[in-house]
Amino acid sequence: MSNHLRGQTSPYLLQHADNPVDWYPWGREALQKAKIEDKPIFLSIGYSTCHWCHVMARESFEDLEIARLLNESFVSIKVDREERPDIDSLYMAACQAFTGSGGWPTTLFLTPEQLPFFAGTYFPPTSRGGLTGLRQLLSAIRDAWAQDREALTAPGRQFLQLLTQRPPEQSSPTRSLLEEGVAQWKRTYDETYGGFGAAPKFPMGHSLLFLLTYGEKKADPAALAMAEKTLEQLYRGGIYDHIGGGFCRYSTDRAFRIPHFEKMLYDNALLMLAYCKAYAVTGRTLYRQVATETAGYLFKEMSLASGAFVSAQDADSDGSEGAYYALRPEEVLAVLGEDQGFAFNACYDITEEGNFHGFSIPNLLHSPLPGDRFAACIPALYAYRLARASLHRDDKVLAGWNGLLMGALSWLYRVSGQTIYRDAARGIWTYLSRVHGSQGTLSATSRDGLSRGIGFLEDYAFCAFGLLSLYEATLEPSYLSQAQTLCRQVLTDFTDPSGGFFLTPQNADPLLIRPKDTADGALPSGNTMMAWNLVRLSHLTREDTWQRAAEAQMAFLSPLAASYPTAYPVFLLALLAQAVPAKEITVVLSPG
């Protein structure tokens with residue numbers, strides 16, 4: 001059996017092409033069908049390397065009874081959140097407004113006019129453990145749609161009012177926002193384990209980048225200490241892959257010991273930026289080592305022959321979360337021999353009891369840093385792990401995420417002097433400009449060398465960031481020129497007359513509203529990154545166009561950031577660059 005997802009290019013959508021659910025991709029056909037048949041839309045948003053997306057797919061979307069309910073009473077639409085950040089942004093906001101939280105898979109019910117009226121994340125197939133079952137939920141919404149549609153859809157109308165509220169009055173930012181942001185981070189800082197807040201803990205490389213930059217420019221040892229403690233704890237913990245390199249998406253515990261195991265290109269790019277900055281500020285070689293090991297992981301496992309990098313690597317192998325990364329002591333002994341094996345197990349916390357469902361995730365939380373002690377052991381364990389299991393990777397290329405990596409590799413070249421990183425950054429842009437670019441415009445995604453989809457604000461903003469970083473690393477004028485071309489396109493196609501930039505360009509198919517992201521999450525928002533780009537351009541070119549655009553964008557973001565500055569670290573980086581422009585470029589240290 002197949003459905004309307006057959007023929008799509010998104011790996012996530014293709015994972016559902018053989019479900020008994022009659023899935024449609026987002027588009028005119030599905031929306032028109034809902035209107036003609038007067039049925040609510042069942043919208044499921046996720047991504048191909050998401051553990052709980054896999055769980056819900058196995059439990060519910062392969063269930064014939066659930067498929068029957070969906071096919072009879074709903075129009076079912078699947079969306080890859082990485083391919084359509086506009087749809088994800090809009091309906092994640094609805095999920096957070098309705099429930100107070102969000103995540104993936106995101107599960108929503110919409111009217112045929114795209115108005116959301118009920119939302120959640122993971123639902124089991126039948127009710128259990130205080131969670132509503134999907135079967136019961138589908139039946140209840142089917143009945144309410146028929147019997148009391150007005151009451152059912154009332155939350156959607158309230159949400160629409162919230163979305164269309166007037167934005168706060170724009171105002172020029174004050175430098176006190178920098179101090180207020182640092183003070184807010186101090187209040188949530190975990191002095192024992194690093195990081196901020198309680199579990200789950202996300203690495204948030206851009207927040208650490210701000211604290212490092214602020215600590216350097218303002219000579220604030222407390223800001224530097226928070227960032228350094230967190231960066232070392234991230235490296236020591238199991239969130240860092242000590243066998244293969246690179247960082248997983250987030251930690252399930254305070255100590256960064258056990259991760260949620262998928263690896264995202266953007267997390268690794270943002271953390272590379274933070275580690276490069278930490279090395280430039282402190283000269284501590286550990287930070288440069290982590291950045292180079294992370295780049296090595298990306299080259300080995302997420303690169304394409306074309307020069308671009310794929311978007312993500314799965315959390316699951318053989319249907320089990322984290323199994324690829326977990327080890328038993330006897331496995332290590334068999335690979336390394338007893339002398340090195342016992343020493344490795346003791347250093348990396350690989351025990352009989354284990355720390356993850358009877359297995360062990362290697363970490364250095366209670367050991368001295370090993371240096372080169374196990375330099376010959378790591379490749380042997382890596383080869384063993386590759387032979388034991390494999391991980392699915394989402395092999396689509398996202399322009400924006402590659403732009404972030406282009407910037408990170410440029411920074412790594414500057415602190416290492418190794419031309420392989422400069423050349424890799426150039427290779428990314430060569431691919432993007434050949435496959436994704438056309439007369440100053442970008443497409444968002446490509447697969448097998450074929451691009452599709454309009455570019456979103458983050459694609460332009462992140463690629464401009466990468467180009468500016470590559471220009472600063474090489475001083476080749478073409479990169480500065482191409483960054484300006486992308487930023488001009490943003491001013492032309494994405495500007496909101498009331499302030500800031502929309503997520504979608506003018507020619508995008510209309511959604512419920514034209515979405516606009518401002519705050520930084522796991523990824524920086526396109527609006528804050530554009531603020532930083534525009535400030536950098538105003539300094540690099542001294543042109544009035546960029547100066548005025550930077551001032552306008554900073555004035556738009558300032559009142560939003562004032563209420564919760566730690567949600568706007570990239571805006572704070574832009575504000576810091578405005579306040580102390582002379583030291584904007586990262587300090588370069590010679591290798592050694």
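Right above here is the structure, for reference.
Values in this document were obtained by computation on a predicted structure and should not be read as measured data.

Draft legend 1. Just the sheet that holds strand S3 (residues 75-80), in detail. Strand order in the open sheet made by the five strands is S1-S3-S2-S4-S5, with mixed pairing throughout. Every interior strand has two partners, whereas the edge strands, strand S1 (24-25) and strand S5 (116-120), have only one. Both S1 and S3 contribute to a ladder of two bridges, which runs parallel. Bridge pairing links Pro25 to Lys78 in S3. Packing of helix H6 (residues 134-147) onto the sheet brings it into contact with strand S2 (41-46), strand S4 (106-110) and S5, and relative to S5 it is tilted by some 170 degrees.

Draft legend 2. Structural context of the sheet that holds strand S9 (residues 312-313). With antiparallel pairing, three strands are arranged side by side in an open sheet as S8-S9-S12. If you trace the sheet from one side to the other, it starts and ends with strand S8 (263-264) and strand S12 (393-394), each paired once. Sheet analysis places S9 next to S12, joined by two bridges and oriented antiparallel. Looking across to S12, one finds that Ala312 is bridged to Asp394.

Draft legend 3. Spatial organisation of the packing of aromatic side chains. Applying the stated criterion to the full structure yields 32 aromatic pairs. Measuring from ring centre to ring centre gives 4.9 Å for Trp23 and Phe61, while their planes differ by 85 degrees; the resulting arrangement is edge-to-face. Of this pair, Trp23 sits in the loop between helix H1 (11-15) and S1 while Phe61 sits in helix H3 (residues 51-61), and the two are 38 residues apart along the sequence. Overall, the relative accessible area of 0% leaves Trp23 in the buried class. A relative accessible area of 1% means that Phe61 is categorised as buried. Between the aromatic rings of Tyr47 and Trp104, the centroid separation amounts to 5.9 Å while the plane-to-plane angle is 85 degrees, which identifies the pairing as edge-to-face.

Draft legend 4. Region of interest: the side chain of Asn3. Tracing the chain through its elements places Asn3 in the segment before H1. In this structure the side chain of Asn3 is engaged in a polar contact, spanning 2.9 Å, whose partner is the backbone oxygen of Val21. The contact partners of Asn3, leaving out residues within four places of it in the chain, are His16, Ala17, Asp18, Asn19, Val21, Asp22 and Trp23.

Draft legend 5. Fine view of the packing of helix H11 (residues 221-236) against helix H12 (residues 265-282). Interhelical geometry of H11 versus H12 gives an angle of 125 degrees and a closest axis separation of 11 Å. The orientation of H11 with respect to H12, classified from their angle, is oblique. In the packing of H11 onto H12, the handedness of the crossing is left-handed. On H12, the residues touching Leu224, Glu228, Leu231, Leu234 and Tyr235 of H11 are Leu271, Ala274, Tyr275, Ala278, Val281 and Thr282.

Draft legend 6. Seen up close, helix H14 (residues 329-336). Turning to H14, its buried residues number three or more, namely Pro329, Glu331, Val332 and Leu336. Viewed along the axis of H14, the buried residues span an arc of 160 degrees, placing them on a single side of the element. Against the buried residues of H14 lie helix H15 (338-347) and helix H16 (377-388). Count one or two residues on from H14 and you reach Gly337, which has phi positive near 85 degrees.

Draft legend 7. The arrangement of unusual backbone geometry in detail. At the junction of Trp104 and Pro105, the peptide bond is cis and its omega measures out at 0 degrees in the coordinates. As for its placement among the helices and strands, Pro105 is situated in the loop between helix H5 (85-99) and S4. Between Ala199 and the following residue, Pro200, the backbone shows a cis peptide bond with an omega angle of -5 degrees. With respect to the secondary-structure elements, Pro200 resides in the loop between helix H9 (176-188) and helix H10 (205-217). Here Asp38, not a glycine, exhibits a phi torsion of approximately 55 degrees, which is positive. In this structure, Asp38 sits in the loop between helix H2 (28-37) and S2. Asp38 gets classed as partly exposed once you look at its relative accessible area, which sits at 38%. The residue Asp318 is not glycine, and still its phi comes out positive at about 50 degrees.

Draft legend 8. Molecular detail of the pairing of strand S16 (residues 450-454). In this structure, strand S15 (residues 441-447) lies alongside S16, joined through four bridges in antiparallel fashion. Each residue of the ladder has a partner; that of Arg447, found in S16, is Leu450. Here S15 folds back onto S16, and the loop between the two strands holds two residues, one of which, Asp448, carries a positive phi near 55 degrees.

Draft legend 9. The pairing of S4, seen in detail. S4 sits mainly inside the fold: five of its five residues count as buried. By the bridge criterion, five bridges tie S2 to S4 in an arrangement that is antiparallel. Within the sheet, the bridge partner assigned to Leu43 lies in S4 and is Leu108. Sheet topology places S4 next to S5; four bridges connect them, and they run antiparallel. Its bridge partner lying in S5, Phe109 is registered against Phe118. A loop of five residues connects S4 with S5, the two strands running antiparallel in sequence, and Gln114 in this loop sits at a positive phi of about 80 degrees.

Draft legend 10. Molecular detail of the environment of Asp520. For Asp520, the location among the structural elements is in the loop between helix H20 (477-493) and helix H21 (526-541). Owing to a relative accessible area of 8%, Asp520 belongs among the buried residues under this scheme. Separated by 316 residues in sequence, Asp520 and Met204 have C-alpha atoms that sit 9.4 Å apart. In this structure Asp520 touches His206, Ser525, Thr528, Ala567, Tyr568, Pro569, Val570 and Phe571, once residues within four positions along its chain are discounted. Of note is the side chain of Asp520, whose polar atom sits 2.5 Å from the side chain of Thr528. A distance of 3.0 Å separates a polar side-chain atom of Asp520 from the backbone nitrogen of Val570.

Draft legend 11. Here's a closer look at the environment of Gln578. The topology assignment puts Gln578 in helix H23 (residues 569-579). For Gln578, a relative accessible area of 28% gives the class partly exposed. Placed 43 residues apart in sequence, Gln578 and Val535 show a C-alpha to C-alpha distance of 6.6 Å. Discounting residues that sit within four places of it in the chain, Gln578 has contacts with Pro173, Val535, His539 and Met554.

Draft legend 12. Representation of the packing of helix H18 (residues 419-436) against helix H19 (residues 457-474) within the structure. The contact between H18 and H19 brings their axes to 11 Å, and the two run at 140 degrees. Overall, the two elements H18 and H19 adopt an arrangement that is oblique. Every pair of crossing elements has a handedness; the one defined by H18 and H19 is left-handed. Across the interface between the two elements, Arg422, Ala425, Arg426, Trp429 and Leu432 from H18 touch Cys463, Leu467, Leu470 and Thr474 from H19.

About the cut-offs
Residues numbered from 1 in each chain as written. Predicted model: local features only at pLDDT ≥ 70, side-chain atom pairs only at ≥ 80, totals over all residues. Heavy atoms only, no water. Pairing = 2+ DSSP bridges. Helix = DSSP H or I, 4+ residues; strand = E, 2+ residues; numbered from the N terminus. Contact = heavy atoms within 4.5 Å. Axes fitted to C-alpha atoms, helices over the stretch in contact; angles between N-to-C directions. Phe/Tyr/Trp six-rings, centres within 6.5 Å; stacked < 30°, edge-to-face > 60°. Buried < 20%, exposed > 50% of the residue type's maximum accessible area, 1.4 Å probe, protein only. Polar contact = N/O pair within 3.5 Å; in protein donor to acceptor, adjacent residues only side chain to side chain. Parallel < 35°, antiparallel > 145°, perpendicular 65-115°, else oblique. Left-handed = near helix turned anticlockwise from the far one by under 90°. Arc of directions from axis to C-beta.

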